[in-house]
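# Analysis of the macromolecular model
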Amino acid sequence: QVQLTESGGGSVQAGGALRLSCAASGFTVRINCMAWFRQVPGKAREGVARISTGDGPEFYADSLKGRFTVSRDTAKNTVYLQVTSLKLEDTAMYFCAARQNSYCDSLASRTEDFFQFWGHGTQVTVSS
C-alpha cells in the first residue's frame, strides 16, 4: 500500500557530494519515521540516518555524523539525504525505508526490522 522510490544516486569522485531523494506514494497516512540504510554485497545492511515526520528529531550513525544530513518535506512524504565529502567506502546501494505509527526515537528504530516498507535502492559509486 506504500511505495518508496529512491533517486539521485550515481557515480561521483571522492570528495564530491550527492543528494538522494525518497518519495513515498500510495497509502501514506501515519508514516511517522523514514530512514536511509546502505548495503554492500556480503555485508549487513547499515543504518545511515532516520527522521521523524513533522518536527521530530534526526538521528545519524555515529561514524557518519558531519557528512550526512537528512531532511524532509512532510507535505510531500519525501525524505532527502545530502552526502558530502564522499569516501570510497561510501560506495553502496542506498535504501529508503518507512514505518507507520511509530516515530524514530526508539532503539528499535535503528534496525531494519523496524521498518515496514522499502524502496528498491539507488546505487552510489565513489571513485578515486
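Presented here is a report on the structure given in the accompanying data block. (Residues numbered from 1 in each chain as written. Predicted model: local features only at pLDDT ≥ 70, side-chain atom pairs only at ≥ 80, totals over all residues. Heavy atoms only, no water.)

### What about the state of the cysteines?
If you walk through the whole model with that rule in mind, you get 2 disulfides. Between the sulfur atoms of C22 and its disulfide mate C96 the distance is 1.9 Å. Judged by the sign of its S-S torsion, about -80 degrees, the bond between C22 and C96 is left-handed. Of this pair, C22 sits in strand β3 (residues 18-26) while C96 sits in strand β9 (residues 92-100), and the two are 74 residues apart along the sequence. We classify C96 as buried; its relative accessible area is 0%. The partner cysteine of C33 in its disulfide is C104, sulfur to sulfur 1.9 Å. Taking the torsion about the sulfur-sulfur bond, which here is approximately 115 degrees, the covalent link between C33 and C104 counts as right-handed. Within this pair, whereas C33 is found in strand β4 (residues 31-39), its partner C104 is found in the loop between β9 and β10 (117-118), the two being separated by 71 residues in sequence. Sequence-ordered numbering of the bonded cysteines in the protein chain gives a disulfide pattern of 1-3, 2-4. (Disulfide = S-S within 2.5 Å. Helix = DSSP H or I, 4+ residues; strand = E, 2+ residues; numbered from the N terminus. Buried < 20%, exposed > 50% of the residue type's maximum accessible area, 1.4 Å probe, protein only.)

### A short note on the environment of A98
Position of A98 relative to the elements: it lies in strand β9. Taking C-alpha positions, A98 is 9.8 Å from S52, a pair spaced 46 residues apart along the chain. Those residues in contact with A98 that lie beyond four places of it in its chain are L4, I31, C33, M34, F115, Q116 and F117. (Contact = heavy atoms within 4.5 Å.)

### Considering the pattern of salt bridges
Using the criterion set out here, one finds 5 salt bridges in the structure. Between R38 and E46 there is a salt bridge, with the nearest N and O atoms lying 2.9 Å from each other. The partner of D90 in a salt bridge is R67, with the nearest N and O atoms 2.8 Å apart. Of this pair, D90 sits in the loop between β8 (78-83) and β9 while R67 sits in the loop between β6 (58-60) and β7 (68-73), and the two are 23 residues apart along the sequence. Look at D90 and you get buried, because its relative accessible area is 0%. Residue R67 is classed as buried on the basis of its relative accessible area, which comes to 14%. Salt bridges here are not isolated pairs; linked through shared partners, they connect R38, E46, R67 and D90. (Salt bridge = Lys/Arg side-chain N within 4 Å of Asp/Glu carboxyl O.)

### Quick word on the packing of aromatic side chains
Counted under the stated rule, the structure contains 4 aromatic pairs. Taking the centre distance of 5.6 Å and the plane angle of 80 degrees together, the rings of F37 and F115 count as edge-to-face. Here the residue F37 occupies a position in strand β4, and F115 occupies one in the loop between β9 and β10, the gap between them amounting to 78 residues. Each member of the pair, F37 together with F115, is buried. Between F115 and W118 the ring centres are 6.2 Å apart and the planes differ by 75 degrees, which places this aromatic pair in the edge-to-face class. Relative accessible area serves as the criterion here: at 25%, W118 is assigned to the partly exposed category. Put simply, the rings of F37, F114, F115 and W118 touch in pairs and so form one group of aromatic residues. Lying across the ring of F95, R45 places its NZ or CZ 4.5 Å from the centre. In this structure, R45 packs its charged tip against the face of W118, placed 4.6 Å from the ring centre. (Phe/Tyr/Trp six-rings, centres within 6.5 Å; stacked < 30°, edge-to-face > 60°. Lys NZ or Arg CZ within 6 Å of the ring centre and 35° of its normal.)

Keep in mind that these numbers describe shape and distance, not what the molecule does.
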